[in-house]
Amino acid sequence: MNSRVTDEPAKARTDLHRRNDPPSRSHHSISVAAVRRAGAGLAAGSLSWAVAMFVFGSTGAGIGERVVDLTGLLFQLGVFGLLIVQMRTQAIGTSRFAAAALTVEAVLLGLASVWSLLHGVLPDDVKNAAWLMAFDLCWPVSMLGMALISVKLAAAKRWSGLLRWWPLVAESWAVVSIPSSVVFGEDVSAWIGGGHLLVGYATLGVLLMARPGHIAFVPSEEA
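Conventions used here
- Residues numbered from 1 in each chain as written.
- Predicted model: local features only at pLDDT ≥ 70, side-chain atom pairs only at ≥ 80, totals over all residues.
- Heavy atoms only, no water.
- Helix = DSSP H or I, 4+ residues; strand = E, 2+ residues; numbered from the N terminus.
- Contact = heavy atoms within 4.5 Å.
- Salt bridge = Lys/Arg side-chain N within 4 Å of Asp/Glu carboxyl O.
- Buried < 20%, exposed > 50% of the residue type's maximum accessible area, 1.4 Å probe, protein only.
- Phe/Tyr/Trp six-rings, centres within 6.5 Å; stacked < 30°, edge-to-face > 60°.
- Core = buried A, V, L, I, M, F, W, Y, C linked by side-chain atoms within 4.5 Å.

*Asks:* Please explain the side chain of Glu65 as it appears in this structure.
*Replies:* With respect to the element layout, Glu65 can be found in helix H2 (residues 63–88). Residue contacts for Glu65: discarding those within four places in its chain leaves Thr59, Gly60, His119 and Lys127.

This is the structure we're talking about:
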């Protein structure tokens, strides 16, 4: 038997990976520049929709209605950017359920965005057709879905500082704005909804631009 003693360090094995180890940073990360772009898009979309509400009301009329619809679409595109950041950082947990929840939300938001686009550009005799109602219903449902996501995000503890808690403010938009339209009517609800957009989603966008390091991927327990 030929034995040999060496003082060379043993080579690290690359074929081992513990089953419960969190995914590597390279698989679930997003660049600082991409986070900041998403934040800028969210802030800009929220601001544009809020201004449209202040000027034309929560639903608008005539050309104002189309402006509200299309600025609402800009807001939705901004929320898509937020969802991408949440997906890439596994913001609400590492489980399959968490991933599926974000995917379902993206589908609902996509359908709602189709309504915003079509309702904003189609002729008057077409944009209120019954077949568009299903897309319209996705609007409030998608916003309620974002509210649920914000609760899960806070519980998951994968984002830190204000970015862990501010989504609870931002994504409560539907919880605040929808009841206000029923209780106070369109004129008052436009100011409530627009103001909430500025305090909530627009501020969240600014936080994404200013503090992207608070959402870097870090291992954590499944939540």
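From this point, the discussion proceeds with the structure in view.
*Asks:* Please explain the pattern of salt bridges as it appears in this structure.
*Replies:* Pairing of side chains with opposite charge becomes possible as their charged atoms draw close. The tally for this structure, following the rule as stated, stands at 3 salt bridges. Between Glu65 and Lys127 there is a salt bridge; the shortest N-O distance is 2.7 Å. Of this pair, Glu65 sits in helix H2 while Lys127 sits in helix H4 (residues 124–127); the two residues are 62 residues apart in sequence, bridging distant segments of the chain. The exposure classification of Glu65 matches that of Lys127, with both residues buried. As a salt-bridge pair, Asp124 and Arg66 come within 2.9 Å of each other at their nearest N and O atoms. Taken together, the residues Asp124 in helix H4 and Arg66 in helix H2 connect sequence positions 58 residues apart.

*Asks:* Could you clarify how one ought to interpret the environment of Met209 in this entry?
*Replies:* Tracing the backbone shows Met209 in helix H8 (residues 186–210). Along the backbone, Met209 and Leu42 are 167 residues apart, and their C-alpha atoms lie at a distance of 10.0 Å.

*Asks:* Please explain the packing of aromatic side chains as it appears in this structure.
*Replies:* The relation between two aromatic rings is expressed through the spacing of the ring centres and the mutual angle of the planes. All chains considered together, the criterion is met by 6 aromatic pairs. With a centroid separation of 4.6 Å and an interplanar angle of 20 degrees, the aromatic rings of Phe54 and Trp191 are classed as stacked. Within this pair, whereas Phe54 is found in helix H1 (residues 32–56), its partner Trp191 is found in helix H8, the two being separated by 137 residues in sequence. Residue classification places Phe54 among the partly exposed positions, given a relative accessible area of 25%. Put simply, the rings of Trp49, Phe75, Trp139, Trp173 and Tyr201 touch in pairs and so form one group of aromatic residues.

*Asks:* Help me out: how do you make sense of unusual backbone geometry in this one?
*Replies:* Residues other than glycine predominantly adopt negative phi, and peptide bonds predominantly adopt the trans conformation. One non-glycine residue, Gln90, lies in the positive phi region at around 50 degrees. Position of Gln90 among the secondary structure elements: in the loop between H2 and helix H3 (96–121). If you check the backbone angles, Lys157 has positive phi at about 60 degrees while not being a glycine. If you trace the backbone, Lys157 turns up in the loop between helix H5 (133–156) and helix H6 (162–170). Residue Lys157 is classed as exposed on the basis of its relative accessible area of 56%.

*Asks:* Honestly, the nonpolar core in this entry has me stumped. Any pointers?
*Replies:* Formed by 40 residues in total, the largest nonpolar core has its most connected members in Met143, Trp159 and Tyr201. Elements with a contribution of two residues or more to this core: H1, H2, H3, H5, H6, helix H7 (173–184) and H8. No other element matches H1, which puts 7 residues into this core. Not counting chain neighbours up to four residues away, the residues in contact with Met143 comprise Phe75, Leu109, Glu171, Trp173, Ala174 and Tyr201.

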